[in-house]
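Structure assessment
Listed here are the chains, written in short residue letters.
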Number of protein chains: 2
Amino acid sequence: MKIIVDGMGGDNAPAEILRGCALAVRELGVEALVTGREDALNAAMTEHKICPDGIEFAYAPDVVTMEDPASSVVKTKKNSSMGLGLRLLKEGKGDAFVCAGNSGALLAGATLINKRIPGIKRAAFAPLLPCKTGHVMLIDGGANESCLPEYLEQFGLMGSVYMKKMGFAQTPRVGLVNNGTEECKGTELYVAAHTLLKNNPHLHFVGNIEGRGVMMGDCEVAVCDGFSGNLLLKGCEGAGLFFLGLMKEALTGSTLSKVGALLMKKQLRGLKRRADYTEVGGAVVMGVCNPVIKAHGNSTAKSLKNAIRQAADFAGAGVIDEIRQALATEEGKA
Amino acid sequence: MKIIVDGMGGDNAPAEILRGCALAVRELGVEALVTGREDALNAAMTEHKICPDGIEFAYAPDVVTMEDPASSVVKTKKNSSMGLGLRLLKEGKGDAFVCAGNSGALLAGATLINKRIPGIKRAAFAPLLPCKTGHVMLIDGGANESCLPEYLEQFGLMGSVYMKKMGFAQTPRVGLVNNGTEECKGTELYVAAHTLLKNNPHLHFVGNIEGRGVMMGDCEVAVCDGFSGNLLLKGCEGAGLFFLGLMKEALTGSTLSKVGALLMKKQLRGLKRRADYTEVGGAVVMGVCNPVIKAHGNSTAKSLKNAIRQAADFAGAGVIDEIRQALATEEGKA
């Protein structure tokens, strides 16, 4: 399995990205094909004494920054590490692409270069969040500000296939995140999406869930539009950071509490691992023809390695083929 | 100060509601005027040996349940504890109204019975959340699924007056919760609302904030539409419950960690208090002519008491008069 990695994307690129690739080669047995500026990549490899085994390079002079418009990857910055990575993926030079850079550009690039799966109306960002019962995929976490009911139905379908094929659940529960659980709740979009989801025979639709239910484990696939989904996702992130901050204060608030913290070191490590949303990888760019993972912007070597693992599993599990087939069945019926 | 309280609203009514009233009388020096069914209220007072000092009653035969439509309070269930409470408030028989019952009905009743402040286009739910820097008001937390840009501007104004007059901040920072911080971000509604908020001379507008910024303390007033706001609010709640659950597991995971937990008892109590969103009270029904507080549905005596304190402060601080004046100034200028 060879994973293409954008060596220039993310706050800690290229050093942590390259370190993450080396970790992935060593621990996961994959190969990495890293795109980026020749000088920057070579300098980081040397400076940080990163073992080059299993890492190949493909050089591109440009870098899509966080300030660049989404379209830059296919217009002014075609020769960027991101643009090259997506093209190499399309050409079959690797099995999946991992990028910690500009989300909007990655989505636009993946849609325009790798193309949407035939029949899929919109690609979506689908982050995996820790939750009470394990993990939940939020889809759409921010790609589509404005949605039509059929987009939400397809988000449910894609999320369901992913969670099943990746082994998170045998029959993933799909919930529509709404402002109340009653069937009539929400805007016109949500009322119409509810009906479509309910009538889709491929889905185990559990109805509307409230925002609270996302992390409390009400479903494995939490469907919503990209605007509300983004607010919900980032809201949960902020709440998590707030609580972890309070906890840190409590653990270090006095000499006694520091001793207490030492006594529960093992448990606290377990807590941190379960709450860490980078542990399972990044967000899936769902709905395009090749496996693309958006790693967290502040990815460290470890979280980048986790994103590479997720990308390799994603490519190996046949998620995209299964989505194609499910769509073909639907179209056949229609 | 006399606070009217819906004795029948909420999961733990009437016992915890009445207990909360007695607590408020004793600790805050207010009077309570409790509405509800005569038999139920009397039985609870007797059974739980609640001290009747400072508590008056006004009887109503009906109860608006959680399943009743919002309009019931002004149609089929006018003679409910909620309907009577709102009418008594309008007639000046008390200074504020606290209710832990059906939110939709409370909003509809407050809007139709107590009326919107002249010039205010929509009333909003405005919960107060704990955050890194103290507290933040989320407005709208769920009243208006569909909004116009000028509603969001007014939400910012009302929230700002509240946070200032209630002493949370001298010059409250108002943020627009959006899917990115750049000015151009969001749907048409958000782009237009951004411009209105930015140009309003009465506001200290800090621009767009991301969902993460709500609990990370980016502003004192977080403005958004009621649909996304509800998802964000409940999402934060779910995240909080998830983290507290993990923490509880960590604290009780082994004998050693239990000892550790004992050593940091004081710190953990502090954490719990800071994370407890019922500590500051409930959600303000913002934009109507009288002070109305929606207490949490699962209110205990203590959280109900906190909602009564918030209601008394709200009535005493002159928030509504200040909103009237701010609107008059705006209209004069227009």
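Just above, that's the structure.
Here the residue numbers are simple positions, counted from 1 along each chain's written sequence. Chain A is the first chain written and ligand 1 is the first ligand written, with later ones labelled in order. pLDDT decides what is reported in this predicted model: residues at 70 or higher carry local features, side-chain atom pairs at 80 or more are listed and counted, and totals for whole chains, interfaces and linings draw on all residues regardless. Note that water and hydrogens are dropped before the side-chain values are worked out from all heavy atoms of the structure.

A closer look at the environment of A:Ala32
Residues and elements named next belong to chain A. Counting through the fold element by element, Ala-32 comes out in strand 2 (residues 31-36). Three exposure classes are used, based on accessible area relative to the maximum for each residue type with a 1.4 Å probe and protein chains only: buried under 20%, partly exposed in between, and exposed over 50%. In this structure Ala-32 comes out as buried when scored by relative accessible area, which is 2%. In sequence terms Ala-32 and Glu-145 are 113 residues apart; their C-alpha atoms lie 34 Å from each other. Whether two residues touch is decided by their heavy atoms; if any such pair falls within 4.5 Å, the residues are in contact. In this structure, Ala-32 is in contact with Ile-3, Cys-21, Val-25, Gly-54, Ile-55 and Glu-56, ignoring residues within four places of it in sequence. For helices the rule is a DSSP run of H or I covering at least 4 residues; for strands it is a run of E covering at least 2, with both sets numbered from the N terminus onward.

Points about the relation of the copies chain B and chain A
The copies were overlaid with a least-squares fit restricted to C-alpha atoms from residues scoring a pLDDT of at least 70 in each copy. Turning chain B through 180° and shifting it by 0.0 Å along the axis lays it on chain A, with an RMSD of 0.0 Å. Each copy turns onto its partner about a two-fold axis. Within chain B, the C-alpha atom positioned nearest to the axis of rotation is that of B:Gly260, 1.7 Å from it. A shared interface surface links the copies, since 100% of the contact residues of chain B are contact residues in chain A too.

Brief notes about the packing of helix 8 (residues 226-251) of chain A against helix 10 (residues 265-275) of chain B
Note on geometry: axes are lines fitted to C-alpha atoms, helical ones only across the stretch in contact, with angles between N-to-C directions running from 0 to 180 degrees. Look at helix 8 of chain A against helix 10 of chain B: their axes get within 9 Å of each other, and the N-to-C directions meet at 155°. The angle between the axes of helix 8 of chain A and helix 10 of chain B places the two elements in the roughly antiparallel class. Classified by chirality, the crossing of helix 10 of chain B by helix 8 of chain A is right-handed. Contacts between helix 8 of chain A and helix 10 of chain B involve A:Phe242, A:Phe243, A:Leu246, A:Met247, A:Glu249 and A:Ala250 on the former and, on the latter, B:Gln267, B:Leu268, B:Leu271, B:Arg274 and B:Ala275. A class-by-class count of the residues in the contact of helix 8 of chain A with helix 10 of chain B yields 8 nonpolar, 1 polar and 2 charged. An angle below 35 degrees is read as roughly parallel, one above 145 as roughly antiparallel, one from 65 to 115 as roughly perpendicular, and any other as oblique. Take the far helix as the reference: if the near one is turned anticlockwise from it by less than a right angle, the crossing is left-handed, and if turned clockwise, right-handed. Only Asp, Glu, Lys and Arg are considered charged in this grouping, and only Ala, Val, Leu, Ile, Met, Phe, Trp, Tyr, Cys and Pro are considered nonpolar; every other residue, Gly among them, is considered polar.

Let's talk about the interface of chain B and chain A
With 53 residues of chain B at the contact, the number on the chain A side is 53 residues. Of the roughly 4600 Å² buried where chain B meets chain A, counting both sides, 72% is carbon and sulfur surface. It is B:Leu231, B:Phe242 and B:Phe243 in chain B that bury the most area against chain A; as a group they hold 14% of the surface buried on that side. Basic side-chain nitrogens of Lys or Arg form a salt bridge, by our definition, when they fall within 4 Å of a carboxyl oxygen of Asp or Glu. For the pair chain B and chain A, the interface holds 4 salt bridges. Among the ionic pairs, A:Lys234 bridges to B:Glu210, the shortest N-O distance being 2.3 Å. Pairs of N or O atoms are called polar contacts if they sit within 3.5 Å, as long as, within protein, a hydrogen donor faces a hydrogen acceptor (for residues adjacent in sequence, only side-chain-to-side-chain pairs). Between the two partners, chain B and chain A, sit 13 residue pairs in polar contact (both at pLDDT 80 or more). Breaking the side of chain B that touches chain A down by element, the ones donating at least two residues are strand 5 (124-131), helix 7 (211-215), helix 8 (226-252), helix 9 (255-263) and helix 10 of chain B. Accessible surface is computed with a 1.4 Å probe, and the buried area is the amount of it that two parts give up when combined, taken over both parts together.

What about the pattern of salt bridges?
Per the stated rule, a full pass over the model turns up 26 salt bridges over all chains. The closest approach of N and O atoms between A:Glu322 and A:Lys165, which form a salt bridge, is 3.5 Å. Of the two residues, A:Glu322 is situated in helix 12 (residues 319-333) and A:Lys165 in helix 5 (residues 149-165); the sequence distance between them amounts to 157 residues. Taking relative accessible area as the criterion, A:Lys165 reaches 34% and is therefore assigned partly exposed. Note that B:Glu56 is salt-bridged to B:Lys2, the shortest N-O span being 2.5 Å. Of the two residues, B:Glu56 sits in strand 3 (residues 55-59) while B:Lys2 sits in strand 1 (residues 2-6), which places them 54 residues apart along the sequence.

Points about helix 10 (residues 265-275) of chain A
The periodicity of an α-helix, 3.6 residues per turn, causes residues three or four positions apart to be oriented the same way. For helix 10 of chain A, every residue scored as buried is listed here: A:Gln267, A:Leu268, A:Leu271 and A:Ala275. End-on, the buried residues of helix 10 of chain A take up no more than an arc of 100°, which puts them together on one face. The secondary structure elements touched by the buried residues of helix 10 of chain A are strand 5 (124-131), helix 8 and helix 9 (255-263) of chain A together with helix 8 and helix 9 of chain B. Summarising the geometry, the arc corresponds to the directions from the helix axis toward the C-beta atoms.

Topic: the packing of helix 1 (residues 15-28) of chain B against helix 11 (residues 301-316) of chain B
All names here are of chain B. Relative orientation of the contacting elements helix 1 and helix 11 amounts to 55°, with a least axis distance of 7 Å. Looking at the two axes, helix 1 sits oblique to helix 11. The handedness of the crossing between helix 1 and helix 11 is right-handed. When helix 1 is examined against helix 11, the residues Glu-16, Ile-17, Arg-19, Gly-20, Cys-21, Leu-23, Ala-24, Glu-27 and Leu-28 are found in contact with a partner set consisting of Ala-301, Lys-302, Leu-304, Lys-305, Ile-308 and Arg-309.

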